[in-house]
Structure formats: C-alpha cells, structure tokens
Amino acid sequence: MDLRLLRYFVAVAEERHFGRAAARLHMTQPPLSHAVQQLEADLGTTLLHRSAAGATPTAAGAALYDEARSLLAQADRARARVLAAAGAGSLTIGTLGDSVEHAGGAGTSLAAAFRRRHPEVDVRVLEADLTDPTTGLSAGLVDVAVTRAPFDDTGISTRLIRFEPVGVVLRADDPLAGRELLHLADLDDRTWFRFPDGTDPLWQVYWNGNRPGGPLREGPVVRTVHECIRAVLWNGTVGLAPLGHRPAEGLTVVPLADLPPSRLVVAWRTGDTDPLLRSFVALAAPAAGRRPAAG
C-alpha cells in the first residue's frame, strides 16, 4: 500500500472532515478527496461515509484505520533508525520574515511534522532581508528556502505551496483605507517603498506594484519588513503585503485587484537529492498547484 495514501486516510478518519484534514496536511481538499478515492479503488471498498456534516469510517474503514496507524508508526520508526545509523544530519532553512510560519497555513504544524519525522535532525532557520528572495539559497548559505516568487530561479527548483492575494498596506487614517478594493491606478500619485539597486529585477518589479520593463515607482529604499512598516507609518508610503498577514498597529491592508497573487514556494538547488531536503519539501508542499486563496 502507498504510505502517502494511508497518511491521508488516517487524517480524514481522525478529523472526521475533509476540510480539516486538508488543513492539517497542508493541502487543498480536492487532491485529498482524490487520494482517498484512489485508496478506495485500490482496495475495492468504500472506506468513508460522506455527508454534508463530514466523513466517518465505514466498518472497512475502521479496520483499515487501525492497521494504517500501525503501519505508519512502524515506517516512522524504521526511518528514524536508518537516519540515526547514518548520523543525525542537519538542515538549514532560509526564510523571508514569517514565510516559514505561513507555510501550509500553520508554521507550527510544519515544524511539528518535520520534528516528528526527524527528531534527531539539527534544524537552523536563517532569516534573510528583502533584498534576497532566495534567502541565501543562491549563495549556498541554506539548504532549502520558504520564500515568495517571482525571482530569478536559474539553478533553483521550486514547488508551489499556495497562492496568496496581495493588498495595499496603508495607514489606518489614509483616505483610501476605507475602500473595499483598490486598483494600481488609484495609487499612481503615491510614493512606494522600493528595494536597493541590484535587487533581483523580477522581485523588485513585483513588490513595487509594476510590470517588467516599466519604470520603478519612486519612494524610500527599504531592506527589511520593519523598515517597510516604518515607511508607511511615518511617511504614508504605499507598500504591498499578502492579505493573510495581520497588519501592524495603525496599519490596514486593502485588497488590490490588478496584481497577480503572491506565490508562496519552497525552493532548493536543482539536482540536490539530499533525503532531508526532499522530506522537508514533501511536508511543506505535499500537493502542487494549489488554487488561489479567496480574496
């Protein structure tokens, strides 16, 4: 049996709900439903009673649940013993601000899942400033990155975690702060924060609310999230942020209609086959190509 399908089934059986199980597994509901259907097809029996209220195991599902938990526990023990025999190992994760905390919707769940699978591994998290969207990956400072596209991904492989719509960061007393939706044209007369010269052009253009080849909007140069916040609070500068982030006190975020959503991704150097890296990628983004979150 495919252990991945068994893990998915166990999550649904324990949560009694496909939506909650999908959130627990850092994935969307459609691929989870498809995976359980595939498992049912492989076994030739219905494993779950589905209803508007949720999902409960059938008699066959209850029997599989007990066996699956035993098999998964045995597989985890085997993995731990193999890794222990090979040495503890280490993994360095690059991040931009709180991108790791937002991976999969619950950073503590991602950290807990990795720790359960690899309790002996030494994990380091390095936070890069906003001038390096690869968070040290291109420079060889980290093994894997949880970051945001677009950026120059030459020599780098990525897997989508999810799409996140972006909004305009404004002071709470800004005349536009009460709007339900904004367009880039509404902000043509405003100053925008920008990153230093030499920053990845694709990254620079996106967060400057621009299009490739267009002139950058003028405004203060910033390197960190805190500098961005201060520029908005003190100078009324316009900035962008994913809508799922809670704004700092005194700020608000208004949805922006005409900019593509931010792509939260896990990234690694192409060709790197380190098992710990692959395990982290599988946990951070178990299902590729997630749909945009509701804006």
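Residues numbered from 1 in each chain as written. Predicted model: local features only at pLDDT ≥ 70, side-chain atom pairs only at ≥ 80, totals over all residues. Heavy atoms only, no water.

1. Considerations on helix 9 (residues 275–284)
- Burial runs high along helix 9: seven of the 10 residues are buried.
- Taken residue by residue, helix 9 has Leu276, Leu277, Ser279, Phe280, Val281, Leu283 and Ala284 as its buried positions.
- A distance of 2.9 Å separates the backbone nitrogen of Leu276 from a side-chain oxygen at the start of helix 9, and that oxygen is part of Asp274. (Buried < 20%, exposed > 50% of the residue type's maximum accessible area, 1.4 Å probe, protein only. Helix = DSSP H or I, 4+ residues; strand = E, 2+ residues; numbered from the N terminus. Polar contact = N/O pair within 3.5 Å; in protein donor to acceptor, adjacent residues only side chain to side chain.)

2. Things to note about the sheet that holds strand 8 (residues 239–242)
- Ordered in space as 8-7-9, the three strands form an open sheet in which the pairing is antiparallel. The open sheet is flanked by strand 8 and strand 9 (251–255), the only strands paired with a single partner. If you compare each strand with its neighbour and ignore which way they point, the axes differ by 45° on average.
- Pairing of strand 7 (residues 166–171) with strand 8 involves four bridges; the strand directions are antiparallel. (Pairing = 2+ DSSP bridges. Axes fitted to C-alpha atoms, helices over the stretch in contact; angles between N-to-C directions.)

3. Some thoughts on the packing of aromatic side chains
- Applying the stated criterion across every chain yields a total of four aromatic pairs.
- A ring pair is formed by Phe114 and Phe280, whose centres lie 5.9 Å apart and whose planes are at 70°; its orientation type is edge-to-face. Here Phe114, found in helix 6 (residues 107–117), pairs with Phe280, found in helix 9; they are 166 residues apart in sequence, far enough to count as distant. Both residues of the pair, Phe114 and Phe280, count as buried.
- On the basis of an interplanar angle of 65° and a centroid distance of 5.8 Å, the ring pair of Trp203 and Trp207 is categorised as edge-to-face. Taken together, the residues span about one helical turn, with Trp203 and Trp207 both in helix 7 (residues 201–207) at a distance of four residues.
- Residue classification places Trp203 among the buried residues on the basis of a relative accessible area of 2%.
- According to the relative accessible area criterion, Trp207 is buried, its value standing at 6%.
- Pairwise contacts between aromatic rings join Phe195, Trp203, Tyr206 and Trp207 into one cluster. (Phe/Tyr/Trp six-rings, centres within 6.5 Å; stacked < 30°, edge-to-face > 60°.)

4. Structural notes on the confidence of the model for the protein
- Residue-level pLDDT values for the protein average 86, and 90% of them are 70 or greater.
- In the model, residues 289–295 has pLDDT below 50 throughout and makes 17 contacts with residues more than four positions away in sequence or in other chains. (pLDDT = per-residue confidence, 0-100. Contact = heavy atoms within 4.5 Å.)

5. A short note on the side chain of Thr147
- Examined against the element boundaries, Thr147 turns out to sit in strand 5 (residues 144–149).
- At 2.6 Å, the side chain of Thr147 forms a polar contact with the backbone oxygen of Pro133.

6. So, the pattern of salt bridges
- Within this structure, the stated rule accounts for 10 salt bridges.
- The closest approach of N and O atoms between Arg50 and Glu40, which form a salt bridge, is 3.0 Å. You can see Arg50 sitting in strand 1 (residues 48–51) and its partner Glu40 sitting in helix 3 (residues 29–43), a full 10 residues away along the chain.
- Of the residues examined, Glu40 reaches a relative accessible area of 11% and is grouped as buried.
- For Asp174, the salt bridge is made with Arg190, and the minimal N-O distance between the two is 2.3 Å. Pair noted here: Asp174 is in the loop between strand 7 and helix 7 and Arg190 is in the loop between strand 7 and helix 7, with a separation of 16 residues, a long-range link.
- Residue Asp174 is classed as buried on the basis of its relative accessible area, which comes to 11%.
- Ionic contacts of the salt-bridge type, sharing partners, join the residues Arg148, Arg162 and Glu164 into one network. (Salt bridge = Lys/Arg side-chain N within 4 Å of Asp/Glu carboxyl O.)

7. Brief notes about the pairing of strand 3 (residues 90–96)
- In terms of residue burial, strand 3 counts as a mostly covered element, since six of its seven residues are buried.
- Pairing geometry for strand 3 and strand 4 (residues 122–128), over seven bridges, is parallel. Residue pairing in the sheet places Leu96 in a bridge with Ala128 of strand 4.
- By the bridge criterion, three bridges tie strand 3 to strand 5 in an arrangement that is parallel. If you follow Thr95 over to strand 5, its bridge partner there is Val146.

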